[in-house]
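# Notes for the structure review
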Amino acid sequence: MRQPLVMGNWKMNGRRSMVESLLKVVMADIGELSGVEVAVCPPYPYVGLVMDRLAAHSTVVCGAQDVSAYADGAYTGEVSAEMARDVGCRFAIIGHSERRTLFGETDAVVAQKFARSLAADLTPVLCVGETSAERDAGRTQEVVLRQLSAVFKECGSGAFERAVVAYEPVWAIGTGRAASPEEAQAVHRFIRDVITRQNAPAAGRLRILYGGSVKAQNARELFGQDDIDGGLIGGASLVGADFVSICRAAGIG
Ligand code: PEP
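Each residue is numbered by its place in its chain's sequence as written, counting from 1. Thresholds applied to this predicted model are a pLDDT of at least 70 for local features of residues and 80 or more for the giving and counting of side-chain atom pairs; totals over whole chains, interfaces and linings are not thresholded and use all residues. Only hydrogens and water are removed before side-chain values are computed, so all heavy atoms of the structure are retained for them.

## With respect to the overall build of the protein
Here a helix means four or more residues in a row that DSSP labels H or I, a strand means two or more in a row labelled E, and each is numbered from the N terminus. Along its length, the protein carries eleven helices and eight strands. Over its C-alpha trace the protein gives a radius of gyration of 17 Å, about what one expects of a compact globule, namely 18 Å for 253 residues. Any two residues having at least one pair of non-hydrogen atoms within 4.5 Å are treated as being in contact. Summarising the internal contacts of the protein: among those between residues at least 6 apart in sequence, 72% fall at separations of at least 24. Reported accessibility uses the Shrake-Rupley method at a 1.4 Å probe radius. Residues are deemed covered only where the shown protein chains occlude them. For the protein, the computed accessible surface area is about 10900 Å², with 50% contributed by carbon and sulfur atoms. Values of the radius of gyration come from C-alpha atoms, whereas the globule rule sets the reference at 2.2 Å times the count of residues to the power 0.38.

What follows is the structure, given as structure tokens:
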């Protein structure tokens, strides 16, 4: 039995006041929720504030939106996985499509970040998914396989023993057009099958999140699929009541 996980990716949004009010809602309403692990991923400048406010709260943890592919050293502007762990992050989103497309992260760089996270005792959340053109060309499985293979190449067959995968079709992110539960389930099944071929016990335990226009209205049906173990939530994680509804849906999905 895999414990559902719901993660909020705030992206580059927020100010101190937003962080305070959002967390107030989330912490008040998630208190009674059992069986679901919840993480919020603020921009780095607010990680300290989030850690401070979450201190008395056992259900919600903090995650990083990205880490450097390098260890500590002369890399101006970067934040190492060790630093993210040191300030209290438990998860690190790795290879989000915005990082891949806007900042040119290759599969190899993403795999290095994944390895750095594991070494720093941060749980990497590897984002995979196809663009709309790749989907239209029937290349979804090929793309996802390539993205997973880069991580196996860097980290070996044990790569996903302590990790999370997020299937995030690029065409569904921030568009209001989520994959249908059946479409998402088919890709999640494919991901689990690929990982099973390398490491069956790890694949059985692996949490595979769906991300891409998850809302309070569609969360329950998505999370009800056999291989969908929760969600990575962008826009809806910035609205406290919506995020809480999505977390609840993961508990009953
Ligand atoms: C994301 O940023 O990872 C994401 C899934 O965004 P949204 O929920 O807004 O589609």
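## Side note on the packing of helix α7 (residues 140–155) against helix α8 (residues 181–198)
One can describe the packing of α7 onto α8 by two numbers: an axis separation of 11 Å at closest approach and a directional angle of 35°. As α7 runs across α8, the sense of the crossing is right-handed. Facing Thr-140, Gln-141, Val-144, Leu-145, Leu-148 and Phe-152 of α7, the residues of α8 in contact are Val-187, Phe-190, Ile-191, Val-194, Ile-195 and Gln-198. Orientation is described by lines fitted to C-alpha atoms, with helices fitted over the stretch in contact, and by angles between N-to-C directions that extend from 0 to 180 degrees. Should the near helix be turned counterclockwise from the far one by less than a right angle, the crossing is left-handed, whereas a clockwise turn marks it as right-handed.

## Section: the side chain of Ser-117
Counting through the fold element by element, Ser-117 comes out in helix α5 (residues 107–119). Contact partners of Ser-117, with chain neighbours within four places excluded, come to Val-67, Ala-81, Ala-92, Ile-94, Leu-122 and Pro-124.

## Overview of the site of the ligand
Close to the ligand lie 14 residues; Lys-11, His-96, Glu-168, Gly-174 and Ser-213 are nearest. Distance and chemistry together define a polar contact, namely a pair of N or O atoms within 3.5 Å, with one atom able to donate a hydrogen and the other to accept it when in protein, and with adjacent residues in sequence counting only for side-chain atoms on both sides. For the ligand, an oxygen atom lies 2.6 Å from a polar atom in the side chain of Lys-11. Computed on the free molecule, the ligand has an accessible area of 290 Å², of which 97% lies beneath the protein chains in the complex. Residue type decides the class: Asp, Glu, Lys and Arg count as charged, Ala, Val, Leu, Ile, Met, Phe, Trp, Tyr, Cys and Pro as nonpolar, and the leftover types, Gly among them, as polar. Class assignment of the residues belonging to the shell around the ligand gives a composition of four nonpolar, eight polar and two charged. Nearness is defined per residue: one heavy atom within 4 Å of the molecule or strand is enough.

## A word on the nonpolar core
With 68 residues, the main nonpolar core has Leu-148, Phe-160, Ile-191 and Phe-223 as its most contacted residues. Of all hydrophobic cores here, the second largest spans 13 residues; its members include Ala-39, Val-61, Val-125 and Leu-232. Among the buried residues, those of types Ala, Val, Leu, Ile, Met, Phe, Trp, Tyr and Cys that are joined through side-chain atoms within 4.5 Å form a nonpolar core. Each residue gets one of three labels from its accessible area relative to the maximum for its type: buried under 20%, exposed over 50%, partly exposed in between, using a 1.4 Å probe on protein chains only.

## Some points on the environment of Glu-168
Inspection of the secondary structure assignment puts Glu-168 in the loop between β6 (164–167) and α8. Since its relative accessible area comes to 5%, Glu-168 is described here as buried. For the pair Glu-168 and Ser-149, spaced 19 residues apart in sequence, the C-alpha to C-alpha distance is 17 Å. Beyond its immediate chain neighbours, meaning those up to four positions away, Glu-168 contacts His-96, Cys-127, Val-128, Gly-129, Ile-173, Gly-211, Gly-212 and Leu-232. Within the structure, Glu-168 has its side chain in polar contact with the side chain of His-96 (distance 3.4 Å).

## Digging into α8
Helix span, expected: 1.5 Å multiplied by one less than the number of residues in the helix. An ideal rise of 1.5 Å per residue puts 26 Å on 18 residues; α8 measures up with 26 Å between its terminal C-alpha atoms. For α8, the complete set of buried residues consists of Pro-181, Ala-184, Gln-185, Val-187, His-188, Phe-190, Ile-191, Arg-192, Val-194 and Ile-195. On its buried face, α8 sits against β5 (123–128), α7, β6, α9 (200–205), β7 (207–211) and α10 (219–223).

## Things to note about the packing of aromatic side chains
When the centres of two rings from Phe, Tyr and Trp lie within 6.5 Å, Trp using its six-membered ring, the rings pair. Their planes under 30 degrees apart give stacked, over 60 give edge-to-face, and anything left gives tilted. Summed over all chains, the structure comprises four aromatic pairs. Geometrically, the ring pair formed by Tyr-70 and Tyr-75 is stacked, given 4.1 Å between the ring centres and 10° between the ring planes. The class for Tyr-70 is partly exposed, based on a relative accessible area of 41%. Within the aromatic cluster, the residues linked to one another by ring pairs are Phe-114, Phe-152 and Phe-160. Placement of a positive charge over a ring is assigned whenever Lys NZ or Arg CZ falls within 6 Å of the ring centre and within 35 degrees of the normal to the ring plane. For the cation-ring pair, Arg-99 lies above Phe-103, with the distance from its terminal atom to the ring centre recorded as 4.2 Å.

## Side note on the pattern of salt bridges
Salt bridge, as used here, is a side-chain nitrogen of Lys or Arg placed within 4 Å of a carboxyl oxygen of Asp or Glu. By the definition in use, this model includes 19 salt bridges. Two residues, Arg-2 and Asp-229, come together in a salt bridge whose shortest N-O distance is 2.9 Å. Remark: Asp-229 occurs in the loop between α10 and β8 (230–233) and Arg-2 occurs in the segment before β1 (5–9); sequence separation between them is 227 residues. A relative accessible area of 23% means that Arg-2 is categorised as partly exposed. One network of salt bridges, in which partners are shared, links Arg-2, Arg-189, Arg-192, Asp-193, Asp-227 and Asp-229.

## Quick word on the environment of Gly-174
Relative to the helices and strands, Gly-174 resides in the loop between β6 and α8. Residues Gly-174 and Ser-213, spaced 39 residues apart in sequence, show a C-alpha to C-alpha distance of 5.7 Å.

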